[in-house]
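Here is how the chains run, residue by residue.
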Amino acid sequence: MLQSINIKKFALFTNTEVNFNDGMTALSGETGAGKSIIIDAIGLLMGRKNIRKIKEDDIEMSCCFELKNQQIKSILHQNEFIRDGENTCIIRLKIVNNTSKHYINDIQVTKTKLNEIGSFLIDIYGQNENRFILKNEVQLNKLDSYSKNLDDIKLLNDIYNEIIDIKRKIDNMSKGGLNYEEHIEILEEEIKEISNYLITKDEFDNILREIKVLSNSEETLKNVNECYEKLYNNESFNIYSELSNISNTISDISDIDHKIRNLADQINNSLDEIKDISKEIQHYRDSIEINPEKLNSLNLKITELNEIFRKYKTNESEIIKLHSNKTKELEDLLSNKKDVAKLNEKYAKLMKKYHPLAKNISKIRSISAKNFENDIVNQLSKLNMDGCEFKIKIDTDCNIVSATGYDNVNFLIKTNKKTQLLPIKDIASGGELSRISLVIQLLARNNNDSETMIFDEVDTGIGGATSEVIGMFLSKLSKNAQVFCVTHQAQIAGKAANHFLIEKNNNLAEVKITELSMDERINEIARMIGGVDVTNKTLEYANEILSK
């Protein structure tokens, strides 16, 4: 329950701290006194309202909740916001330069996380906030709450989560949506194909070099022949013959002049080298291979390799590693085949549990919907909505596997005889929606709902008799939850266990919140009845309202 709220430098609040009690609390005050500001502050605190441009700087607010609901404590504990044995949750908001920071028990959180946690702590019902009931998933939840079938719904949800978990594990072992066996088959085919093209980078480079040699073999042979002829074999002119003639001449001269004998020896050595070089060229020439068939074969192999590289997004440096990885993947799949079989078996068993349970839940919903419809119509008639017709449309698809079963629920309403049944989002006015929401909360509240509920001017546009009924409804709700009601109606305020007056001090431009004593309550309720002038009659009537 909401124990206290502290507001600093927000709107007309300078530094306000208010402590609250359990049960039903009325918040009243003259029009324009600032009753909506405290609701806005709570909305900001809980992350449900956006920050508009605010003139004030260094705004800080906080609210403290006493935790009684075990499920809510468990959720906070799971999210590590409280420790074992702790029963307090403090929500804090700090705004500096229109930038907000939200905290849960001094742990900074995102607005999304605050909304998630805050929904378990407090609900705000106003003409705008009531629109939550327009959501089909909320309508389904309220029907289930009314059906007192939440244990089966939780069991169905647990089964569904297991189904999803197992399906995820099976899908992780598949490829591109294929099943396990198809995955194995594809891997085997891929490994077989890649095996035919295993190659190292050196081998790939050697093939490219061989292609280059074979592609140029005719031109190479021609050029090598020319070199051989010029060097040794041309009859008309060759380097070896010319150098041999030079050698003979120099040799003859060296017989005359010994000074050039070394030169004659050098020339003779060069002749031997030219002869050796000529033999090497001859051997190389004889080894040149002109083989178009082999060249075509090698070109085809490179083409095929490049196609494989493109297909598997790899290259000559990675193809062996790819083959190894796919082989390992296949080995893992085959070794886990028993586990997959067990998962499939468990999946089938869960589906056998899911469908009968979902079918039974759907049956209970269908039966409960009739009673729920009647109860809602009866209660709405007490709230000045006579002649209202309310229907719950249930669309059932037995092929659906979801956390809530086969059904989609839509609340339909007809507010007068001249209209037709339509979804409540298409027909209900703000005031009607407030009353419908209140009735649904009264009839379909469960232990999973938040411990604190705020109703902001749920009495708009209704008279005294209807207000008294609403007061009774809110009082009943307060037996199982802490209820706040911002109201202008004396009959509603009279049903509250606690009463706070919200006043504006025009001189100081501040809003003050005061908890009223019994005598002060009598005076405030008398004012709510009669306006500015409080008379003996209005005081008597106020006494009468409070004594009921």
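A brief structural summary. (Residues numbered from 1 in each chain as written. Predicted model: local features only at pLDDT ≥ 70, side-chain atom pairs only at ≥ 80, totals over all residues. Heavy atoms only, no water.)

A look at the sheet that holds strand β14 (residues 498-505)
Definition in use: Two strands are counted as paired when DSSP detects at least two bridges linking them. Where helices and strands are cited, they refer to DSSP runs of H or I of at least four residues and of E of at least two residues respectively, numbered from the N terminus. Comment: axis = line fitted to C-alpha atoms, over the contacting stretch for helices; angle = value between 0 and 180 degrees taken between N-to-C directions. When checking whether two residues touch, look at their non-hydrogen atoms; a contact exists if any pair is within 4.5 Å.
Across the sheet, which stays open at both edges, the 6 strands sit in the order β8-β12-β13-β3-β14-β15 with mixed pairing between neighbours. Edge positions in the sheet fall to β8 (122-125) and β15 (510-515), since each of these pairs with one other strand and no more. The sheet shows a mean angle of 15° between the axes of neighbouring strands, direction not considered. Sheet analysis places strand β3 (residues 24-28) next to β14, joined by 4 bridges and oriented parallel. Paired with Thr25 across the bridge in β14 is Asn498. Sheet contacts for helix α3 (residues 111-121): β8 and β12 (452-456); angle to β8, the most-contacted strand, approximately 85°.

Brief notes about the packing of helix α4 (residues 136-146) against helix α13 (residues 337-382)
Stated formally: Any angle from 65 to 115 degrees is called roughly perpendicular, while one under 35 is roughly parallel, one over 145 is roughly antiparallel, and all others are oblique. Gly falls in the polar group here, along with every residue not listed as nonpolar (Ala, Val, Leu, Ile, Met, Phe, Trp, Tyr, Cys, Pro) or charged (Asp, Glu, Lys, Arg).
Contact pair α4 / α13: the axes reach a minimum separation of 9 Å and the direction vectors enclose 90°. Classified by the angle their axes make, α4 and α13 are roughly perpendicular. Judged by residue contacts, Leu140, Lys142, Leu143, Asp144 and Tyr146 of α4 engage Arg365, Ser368, Ala369, Asn371, Phe372 and Asp375 from α13. Class assignment for the residues of the contact of α4 with α13 results in 5 nonpolar, 2 polar and 4 charged.

A short note on the packing of aromatic side chains
Going by this rule: Aromatic rings from Phe, Tyr and Trp, with only the six-membered ring used for Trp, were paired whenever their centres fell within 6.5 Å, and each pair was classed as stacked if the ring planes differed by under 30 degrees, edge-to-face if by over 60, and tilted otherwise. Comment: the charge-over-ring label is applied if NZ (Lys) or CZ (Arg) is within 6 Å of the ring centre and within 35 degrees of the ring normal.
Across all of its chains, the model carries 9 aromatic pairs by this definition. Among the aromatic side chains, those forming a connected cluster through ring pairs are Tyr146, Phe372, Phe390 and Phe411. A cation over a ring is seen here: Arg92 above Tyr103, with NZ or CZ 4.2 Å from the ring centre.

Focus: the packing of helix α7 (residues 201-215) against helix α11 (residues 292-311)
We apply this condition: Here a crossing is called left-handed whenever its near helix is offset anticlockwise from the far helix by less than a right angle, and right-handed whenever the offset is clockwise.
Where α7 meets α11, the closest approach of the two axes is 10 Å, and the angle between their N-to-C directions is 145°. Where α7 crosses over α11, the handedness of that crossing is left-handed. On the side of α7, the interface is formed by Phe204, Ile207, Leu208, Glu210, Ile211, Leu214 and Ser215, while α11 contributes Lys294, Leu295, Leu298, Asn299, Lys301, Ile302, Leu305, Asn306 and Phe309. Taken together, the residues of the contact of α7 with α11 sort by class into 10 nonpolar, 3 polar and 3 charged.

With respect to the sheet that holds strand β10 (residues 407-414)
Taken in spatial order, the 3 strands line up as β9-β10-β11 in an open sheet, and their pairing is antiparallel. The open sheet has two edge strands, β9 (389-396) and β11 (422-423), and neither has a second partner. In terms of strand pairing, β9 meets β10 through 8 bridges, oriented antiparallel. Across the sheet, residue Ile394 finds its bridge partner in β10, namely Val409. This element, α13, spans β9 and β10 of the sheet and lies at about 165° to β9.

Some words on the nonpolar core
Put simply, the test is: Throughout this description, the term nonpolar core refers to a set of buried Ala, Val, Leu, Ile, Met, Phe, Trp, Tyr and Cys residues connected via side-chain atoms within 4.5 Å. Using a 1.4 Å probe on the protein chains alone, a residue whose accessible area is under 20% of its type maximum counts as buried, one over 50% counts as exposed, and one in between counts as partly exposed.
One finds Phe372, Phe455 and Leu474 to be the most contacted residues of the largest nonpolar core, which totals 52 residues. Apart from residues no more than four positions distant in its own chain, Leu474 is found in contact with Met24, Leu438, Phe455, Val483, Cys485 and Ile492. One finds Val18, Leu44, Phe65 and Ile124 within the second-largest nonpolar core, a separate group that totals 44 residues.

Concerning the side chain of Arg285
We apply this condition: Each polar contact in these results corresponds to two N or O atoms within 3.5 Å; when the atoms are within protein, one needs to be able to donate a hydrogen and the other to accept it, and residues that are neighboring in sequence are counted only if both atoms are side-chain atoms.
In this fold, Arg285 is placed in helix α10 (residues 261-287). At a separation of 3.3 Å, a polar atom in the side chain of Arg285 contacts the side chain of Asn225.

Here we look at the pattern of salt bridges
Applied cut-off: By definition, a salt bridge exists where a carboxyl oxygen of Asp or Glu is found within 4 Å of a side-chain nitrogen of Lys or Arg.
All chains considered together, the criterion is met by 25 salt bridges. Salt-bridge contacts for Lys294 lead to Glu210; the nearest nitrogen and oxygen are separated by 2.7 Å. With Lys294 in helix α11 and Glu210 in helix α7, this residue pair connects regions lying 84 residues apart in the sequence. Three or more residues are tied together by salt bridges with common partners; here these are Glu60, Arg92, Lys94 and Asp106.

Considerations on the environment of Glu181
As for its position among the elements, Glu181 is in helix α6 (residues 180-195). Judged by relative accessible area, which is 42%, Glu181 ranks as partly exposed. The spatial distance from the C-alpha of Glu181 to the C-alpha of Cys227 is 66 Å, given a sequence separation of 46 residues.

Focus on unusual backbone geometry
If you check the backbone angles, Glu80 has positive phi at about 65° while not being a glycine. For Glu80, a relative accessible area of 65% puts it in the exposed group. The phi dihedral of Lys313 is positive, around 55°, even though this residue is not glycine. Examined against the element boundaries, Lys313 turns out to sit in the loop between α11 and α12 (319-335). Owing to a relative accessible area of 76%, Lys313 belongs among the exposed residues under this scheme.

Remarks on helix α18 (residues 518-530)
The condition that has to hold: One less than the number of residues in a helix, times 1.5 Å, gives the span that helix is expected to have.
Between its first and last C-alpha, α18 extends 18 Å over 13 residues, near the 18 Å set by a 1.5 Å rise per residue. By the burial criterion, the buried members of α18 are Arg521, Ile522, Glu524, Ile525, Ala526, Arg527 and Met528. Against β3, α17 (490-493), β14 and α19 (536-547) lie the buried residues of α18. Looking one or two residues past α18, Gly531 carries a phi angle of roughly 90°, positive in sign.

With respect to the environment of Val409
Within the secondary structure, Val409 sits in strand β10. The exposure class assigned to Val409 is buried, which follows from its relative accessible area of 0%. Spatially, the C-alpha atom of Val409 lies 8.5 Å from that of Leu143, the residues being 266 residues apart in sequence. Non-local contacts of Val409, meaning those with residues more than four positions away in its chain, are made with Asn136, Gln139, Leu140, Leu143, Ile392, Lys393 and Ile394.

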